[in-house]
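# Close look at the chain arrangement
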Protein chains: 2
Amino acid sequence: MTMDGYKGFLGLLVLALLFGFLSVIFTLIWVLHYREGLGWDGTALQFNWHLVLMVTGFVFIQGLAIIVYRLPWTWKCSKLLMKSIHAGLNAVAAILSIISLVAVFENRRARNLPNLYSLHSWVGLIAVILYVLQLVLGFCIFLLPWAPLSLRKIAMPIHVYSGLFLFGTVIATVLMGVTEKLLFLENNLYRSFPPEGIFANTLGLLILLFGALIFWIVTRPQWKRPTEPDSSILQSKGGAAEGMEVTIAVSLGSNMDKSDSELNNEVAARKRNFGLDEAGQRSTM
Amino acid sequence: MTMDGYKGFLGLLVLALLFGFLSVIFTLIWVLHYREGLGWDGTALQFNWHLVLMVTGFVFIQGLAIIVYRLPWTWKCSKLLMKSIHAGLNAVAAILSIISLVAVFENRRARNLPNLYSLHSWVGLIAVILYVLQLVLGFCIFLLPWAPLSLRKIAMPIHVYSGLFLFGTVIATVLMGVTEKLLFLENNLYRSFPPEGIFANTLGLLILLFGALIFWIVTRPQWKRPTEPDSSILQSKGGAAEGMEVTIAVSLGSNMDKSDSELNNEVAARKRNFGLDEAGQRSTM
């Protein structure tokens, strides 16, 4: 990454963190100032945890999990460590979103209200289920050291696509949730531009901007973590040239994903490494 | 593209067209069967055009415009023709979305209702404005033959990103719109699982699946239109080898977008072509 590229990355990262942080703060102000506050007693105070936990976990922490490989100062860390952080953040997001669902289901039961009638609830529940599935499959395929590399190669583009599509769907679901909450205001208050309406609309825009920045950061090829899983191993066996050949072959074929070339390098590194030190090889995954 | 890749592409394309088509049909059934029907008289009949035009133009036709370069049987057509079709479909989508906005504004004025208080309206209006801006900028930068290639090179990744982000935002806005419409049903009817609620929720899922398929199709590198703008010109001047060198250089640098390599080829083709036939060169853009 060039110095200019690094500055550009840092600027957008700070902006993304700012919008994400502001989204969480705005949600807290919404429930603490405009609404009833927080509690775990079946009342509206418990419902309000739904908002706080979804924006904190399912939007902000999920967004961080998506871009964690892009942080240049982590490129010296092992791939295994970064994968664990990626999986860990996603696990935290999944747990918070499940607690958030419990909050709303218990609130509905206490108030004897029906569940799962709205498009928000349909899409949101499907998103949580698919997110947990993505987490479990991601762990089995990319973190378990005995997962076949051929499987990783097939699964990688699907994993990346599903992750980004789910993140987008979660944001869409949150925007539907904000819409629902504001339309439930008494006497059609929403249409008379109340401060709460303007404030929560602004929260919606902040979440959308956070999503826009995460999508930009994660789709810039020049900000991708370099492909060599462990350059010292490659160099010690003259593997740098071999790695370049792989990249050229992929480029000329031009019908493979960029992530494939990374996996090809991983395959090459694993093969070379196997002869050297099996335990050491695993730490590069 | 291999035969297997072609079959996979066709299968997903047919599925995308099916979901897109069903979304339009479901919207028509919603307004004609469950609602008051269609008309242009300031009443709810005019408002209903908002739904039909947004789903038809801003979702379905925009989705088609996004994947038009990916259709393998168009790869023999000139880039200029495909750019014109891409721009034309987006222009139709923009016009339909603007008529759709007129329908809702006139309906609000006739009923003396306030405008632009909801998150749906904020995000939706911003999306229409940015979409028109994207269309105008896209025309000036990528279609006007005298636009500098250096500008095209800088603008291409931004154009692609903005287009996809706007498409996702439009889908999120439509889901908010469906939510609003159903929450406006009398006496909280939505929560008692009325047929209209289930039906419109299903419409929401269909639109989301259409979006999911468009995003998958457009982000598969193996289904990208081949990079040579006009292979006959390249071959006649021994340019195929030169084109390959450019691709290798880009790949080794690995801090440039894939679309850059396409533009590099376009630059090379234009340079070569300039000596041959200036008018002919323009037809390859």
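Quick caveat: nothing in here was measured; it's all calculated off a predicted structure. (Residues numbered from 1 in each chain as written. Chains lettered and ligands numbered in written order. Predicted model: local features only at pLDDT ≥ 70, side-chain atom pairs only at ≥ 80, totals over all residues. Heavy atoms only, no water.)

## Concerning the packing of aromatic side chains
What the rule picks out here adds up to 22 aromatic pairs over all chains. Seen in terms of ring centroids, Tyr161(A) and Phe165(A) are 6.0 Å apart; in terms of plane orientation they differ by 10 degrees. Their pairing is stacked. With Tyr161(A) and Phe165(A) both in helix 5 (residues 149-183) and four residues apart, the pair spans about one turn of that helix. On the basis of an interplanar angle of 55 degrees and a centroid distance of 5.7 Å, the ring pair of Phe60(B) and Phe210(B) is categorised as tilted. In this pair, Phe60(B) sits in helix 2 (residues 44-67) while Phe210(B) sits in helix 6 (residues 195-218), placing the two residues 150 residues apart along the sequence. Judged by its relative accessible area of 14%, Phe60(B) falls in the buried class. Put simply, the rings of Phe60(A), Phe167(A), Phe210(A) and Phe215(A) touch in pairs and so form one group of aromatic residues. Above the ring of Tyr69(A), the side-chain terminus of Lys79(A) is found at 5.8 Å from the ring centroid. Looking at Arg220(A), its charged tip hangs above the ring of Trp216(A), at a distance of 3.7 Å from the centre. (Phe/Tyr/Trp six-rings, centres within 6.5 Å; stacked < 30°, edge-to-face > 60°. Helix = DSSP H or I, 4+ residues; strand = E, 2+ residues; numbered from the N terminus. Buried < 20%, exposed > 50% of the residue type's maximum accessible area, 1.4 Å probe, protein only. Lys NZ or Arg CZ within 6 Å of the ring centre and 35° of its normal.)

## Re helix 3 (residues 79-110) of chain A
The end-to-end C-alpha separation of helix 3 of chain A is 46 Å, in line with the 46 Å expected for 32 residues at 1.5 Å each. With its phi angle positive at about 60 degrees, Asn112(A) sits one or two positions after the end of helix 3 of chain A. (Expected span 1.5 Å × (residues − 1).)

## Remarks on the relation of the copies chain A and chain B
For the pair chain A and chain B, the best superposition has an RMSD of 0.0 Å and corresponds to a rotation of 180 degrees with a translation of 0.0 Å parallel to the axis. Expressed as an axis order, the relation between the two copies is that of a two-fold axis. When the interface residues of chain A are mapped onto chain B, 98% of them again lie at the interface, so the same face is used by both copies. (Least-squares fit on C-alpha atoms with pLDDT ≥ 70 in both. Contact = heavy atoms within 4.5 Å.)

## With respect to the interface of chain A and chain B
Across the boundary between the two partners, chain A contributes 53 residues, which contact 52 residues of chain B. In this assembly, chain A packs against chain B so that about 4,600 Å² is buried in total across both faces, 76% of it on carbon and sulfur atoms. Of all residues in chain A, Tyr117(A), Leu119(A) and Arg191(A) give up the largest surface area on contact with chain B, accounting jointly for 15% of the area buried on that side. For the pair chain A and chain B, the number of links is zero salt bridges. (Buried area = accessible area lost by both parts, 1.4 Å probe. Salt bridge = Lys/Arg side-chain N within 4 Å of Asp/Glu carboxyl O.)

## What about the pattern of salt bridges?
Residue and element names in this part refer to chain A. Using the criterion set out here, one finds four salt bridges over all chains in the structure. When the shortest N-O distance is used, the salt bridge between Arg35 and Glu36 registers 3.5 Å. The partly exposed category is assigned to Glu36, whose relative accessible area is 41%. Ionic contacts of the salt-bridge type, sharing partners, join the residues Arg35, Glu36 and Glu196 into one network.

## Structural notes on the environment of Val31(A)
All names here are of chain A. Turning to its location among the elements, Val31 is positioned in helix 1 (residues 3-34). For the pair Val31 and Val52, spaced 21 residues apart in sequence, the C-alpha to C-alpha distance is 8.0 Å. In contact with Val31, other than residues within four places in its own chain, are Glu36, Gly37, Leu38, Asn48, Leu51 and Val52.

## Here's the deal with the UniProt feature "transmembrane region" (unreviewed entry) in chain A
Residue and element names in this part refer to chain A. Within this numbering scheme, the UniProt entry marks residues 12-31, 51-73, 85-105, 125-146, 158-178 and 198-218 as carrying the feature "transmembrane region" (unreviewed entry). In this annotation, residues 51-73 is assigned 74% helix and 0% strand; the end-to-end C-alpha distance for the span is 33 Å. The span residues 158-178 is 100% helix and 0% strand, and its two end C-alpha atoms sit 30 Å from each other. (UniProt positions renumbered as here; feature names shortened; annotations may be inferred.)

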